[in-house]
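The lines below spell out each chain.
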Amino acid sequence: MSDARQTIEALLDEQRRFPPPDGLNRRAVVGSGDVYREARADVLAWWAKQAERLVWRRRWDEVLDWSRAPFARWFAGGRLNVTESCLDRHLPEHADRVAYYWEGEPGDRKIITYGSLHAEVCRLANALAALGVQKGDRVALYMGMVPELPATMLACARLGAPHVVVFGGFSAEALADRIADAGAKVLVTCDGAWRAGQVVPLKATADEALSRAPSVRHVLVVRRTGGDVPMLPGRDHYYDELVSAHPPWRPATECDAEDVLFILHTSGTTAKPKGIVHTCGGYLTYVTTTHSMVFDVHEKDDIYWCTADIGWITGHSYAVYAPLANGTTSVLYEGAPSHPDKDRVWDTVERYGITTMYTAPSEIRTCMKWGDSYLARHDLSSLRLLGTVGEPINPEAWMWYRDIVGSGRCPVVDTWWQTETGGLVIAPLPGVTTTKPGSATLPLPGVAADVVDGQGRSVAPGEGGYLVITEPWPGMLRGIDGDEERFFETYWRRFSRPEEGRWVFFSGDGAKRDSDGYFWLLGRVDDVMCVSGHRISTLEVESALVDHPAVAEAAVVGRSDPETGQAITAFVTLRSVVEADDDLAEELRAHVSRKIGAIARPSSVVFADELPKTRSGEIMRRLLRDISERRELGDLTTLADAGVVQDIVERAKAGRAATG
Ligand code: PRX
């Protein structure tokens, strides 16, 4: 049995042991609902109709050009600039409508209307153009959650310059890699960001990164925390000084529907992150449509809060592009949910009268652990819809979200998707799709997903398999920046039959479908972990570990964790001169934080004399996963030396796994 297959079996086993609570309406809705029917009847006509949601300068000639599959061209020949859909079109009637209620962690607040955002975007676009940024140039962003972040993304879009946002929690090395990979000419950063009462020194980290990223000519620095930061004359400029020197109007650069809107790096099964490419017309159509349908947005009276950091795809799609294109009023919060107290989230919901909340299961579990008393201090009656994303939600957290946060009144929409899909793929339509706790329910109208076995055949209900998407969709990634072969290999090779014209996208996730056709996500089946909804590659962490002089070899696995979904366990062998102790374990954890970022910090380090390997020398991660999960160990016959395993099990049991 393959490693991935065994992962699926293990996860299915887990689900059997913890079945979801019964008692909800189990009415199947597969096949019902006019929108599903309409989309199925003529999917391209359906997407053409959805594209009418946008402002086009020139209509497309062809809805989908799939002649160079798997490289798709959606709305081929169409011309637009996405900022005209996100901003300009709202101005005649709604310039005063709030686009963002922004709140800093220390409690400072700003109100950004569509009119003021438009002006800021135009000023900044002028400033970037004056620095030499032209259509097609890449601009990197390394910022906290400040209003200047969406403004900068849109200013890039106004110029047709792809943005490359790097999450503010990443290390200097991770930032340098991403800037270099994209060849960015300009970096926009902040002096610092507030997080849990501390200043995150973004500019200092950026400076370290820039010493290894020579493509960057200019750096814009947003003053946020007010600390003294070194400014390199000629290269570094204060954002506010540049922006105030330019007029609040700039015509939008006309782009092709297939011009690159942004590149966002994500972790894959190698140590090198992939730059996922999204383009203008299809992406904006897709996120705008799915946002409108799944979050049931009413532009006038909703206050919508997507809690995701804009450094990830959820923030790009559902905190910036979709809500703005739909004319939504959003809340944007800078800092940690526990600051100054553990009721910050509920306090925010109450103060802004939030109607729609979109967050990750890890955040829900953390709040659940903190206790209901923090909620009880606040009036949450404004809430009417609750969404989750990023990792499988356990039924207990789902029920708490629905019953305690939403007082049983609000539909819960569990949404499955990925950086690669651009927007939601499997999710319920509130009011149409009956939900079941723990299931993301059904593919959205216009999307075709399936669960298949190793040969690409659909599996029977209840059986686990690989989650695939069998038809192109407008939000699909257009490629991995600069690496066509990796794009093909990673997503298309495994289940496609090019000779039959059949192209199947492989998500990297395991799933099963029940007898109602509902999808139940089982987690990743490749070497990618999902920690607090953040995607981290085991290989990235392993290469950070072996970079430490004490480490000879490292193997990293994700193990289930009641709060963060998965937690990272690192199995490490040392160079013979080094003593294994708790201090070293701590040092290794800190080393990974420095190399990648705190999100990749292993929660446990297990020292071993040797790692279990097959006779051909491959590390048996499945076995390490079983050990870290304290599962029965399966077949050991392929091991080169079975004694090695016993030793690791003993060490893990004896508590020599340093945890922190
Ligand atoms: O494993 C799936 C998990 O998150 C992965 C995608 O991560 P990323 O590209 O960072 O995007 C996260 C936000 C869209 C998927 O391969 N995932 C995402 N949503 C869910 C999920 N797993 C289970 N249920 C979900 N709702």
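For every chain, the first residue of its written sequence is number 1, and the numbers climb from 1 along that sequence. Only residues with pLDDT of at least 70 get local features here, since the model is predicted, and only at 80 or more are side-chain atom pairs given and counted; chain-wide, interface and lining totals rely on the full set of residues. Derived side-chain values reflect all non-hydrogen atoms in the structure, with water molecules and hydrogen atoms excluded from consideration.

Peer 1: Could you give an account of the domain arrangement of the protein chain, naming the residues involved and the relevant values?
Peer 2: When the domains of the protein chain are assigned, the result is domain 1 (3-432) and domain 2 (532-659). When each unit is reduced to the centre of its C-alpha atoms, the spacing between domain 1 and domain 2 is 33 Å. Between two residues, a contact is recorded if the distance between any of their heavy atoms is within 4.5 Å. The partner domain 2 presents 24 residues to the 29 residues of domain 1 that form the contact. Two parts placed together each lose some accessible area under a 1.4 Å probe, and the buried area is that loss summed for both. Interface area, domain 1 with domain 2, both sides summed: about 2000 Å², of which 43% is carbon and sulfur. We define a salt bridge as a side-chain nitrogen of Lys or Arg found within 4 Å of a carboxyl oxygen belonging to Asp or Glu. Counting the contacts that link domain 1 with domain 2 gives four salt bridges. Here Glu 420 and Arg 535 are joined by a salt bridge, their closest N and O atoms 2.8 Å apart. Pairs of N or O atoms are called polar contacts if they sit within 3.5 Å, as long as, within protein, a hydrogen donor faces a hydrogen acceptor (for residues adjacent in sequence, only side-chain-to-side-chain pairs). The interface formed by domain 1 and domain 2 contains 15 residue pairs in polar contact (both at pLDDT 80 or more). Where the side of domain 1 that touches domain 2 is concerned, the elements lending two or more residues are helix 1 (3-17), helix 8 (172-182) and helix 14 (361-370). A breakdown of the residues in the side of domain 1 that touches domain 2 according to their chemical character gives seven nonpolar, 14 polar and eight charged. Note that domain bounds follow an automatic or database assignment of domains. In this text, helices come from DSSP runs of H or I with a minimum length of four residues, and strands from runs of E with a minimum of two, each type numbered from the N-terminal end. Each residue is assigned to one of three groups, with Ala, Val, Leu, Ile, Met, Phe, Trp, Tyr, Cys and Pro labelled nonpolar, Asp, Glu, Lys and Arg labelled charged, and all others, Gly among them, labelled polar.

Peer 1: Help me get a handle on the packing of helix 2 (residues 34-41) against helix 3 (residues 43-51), residues and values and all.
Peer 2: Axis separation between helix 2 and helix 3 bottoms out at 5 Å; the angle between their running directions is 115°. Between helix 2, through Val 35, Glu 38, Ala 39, Arg 40 and Ala 41, and helix 3, the contact on the second element is made entirely by Val 43, Trp 46 and Lys 49. Tallied by class, residues from the contact of helix 2 with helix 3 come to five nonpolar, no polar and three charged. What counts as an axis is a line fitted to C-alpha atoms, over the stretch in contact for a helix, and the angles between N-to-C directions run from 0 to 180 degrees.

Peer 1: Can you lay out the pattern of salt bridges for me, pointing to particular residues and giving the numbers?
Peer 2: Overall, the coordinates contain 54 salt bridges when judged by the stated rule. Its salt-bridge partner being Arg 57, residue Glu 84 comes within 2.7 Å of it at the nearest N-O pair. Residue Glu 84 is located in helix 4 (residues 82-86), and its partner Arg 57 is located in the loop between helix 3 and strand 1 (62-68); the two are separated by 27 residues in the primary sequence. When a residue's accessible area, from a 1.4 Å probe over protein chains only, is under 20% of the maximum for its type it is buried; when over 50% it is exposed; and in between it is partly exposed. The exposure class assigned to Glu 84 is buried, which follows from its relative accessible area of 13%. A salt bridge links Asp 403 to Arg 402; the shortest N-O distance between them is 2.9 Å. What you see here is one network of salt bridges that share partners, running through Arg 57, Arg 79, Glu 84, Glu 254 and Asp 256.

Peer 1: Please set out the sheet that holds strand 16 (residues 303-306) residue by residue, giving values where relevant.
Peer 2: Two strands qualify as a pair provided DSSP detects at least 2 bridges between them. A sheet is described by the order of its strands in space; here seven strands give the open sequence 5-4-17-16-18-19-20, paired in mixed fashion. For this open sheet the edge positions go to strand 5 (109-113) and strand 20 (412-415), each flanked by a neighbour on one side alone. Across this sheet, the average inter-strand angle for adjacent strands is 20°, counted without regard to direction. Where strand 19 (residues 385-389) and strand 20 come together, four bridges link them in parallel fashion. The residue of strand 20 that forms the bridge with Thr 388 is Asp 414. Against the sheet, helix 16 (residues 395-405) touches strand 18 (356-359), strand 19 and strand 20, its axis set at about 160° to strand 19.

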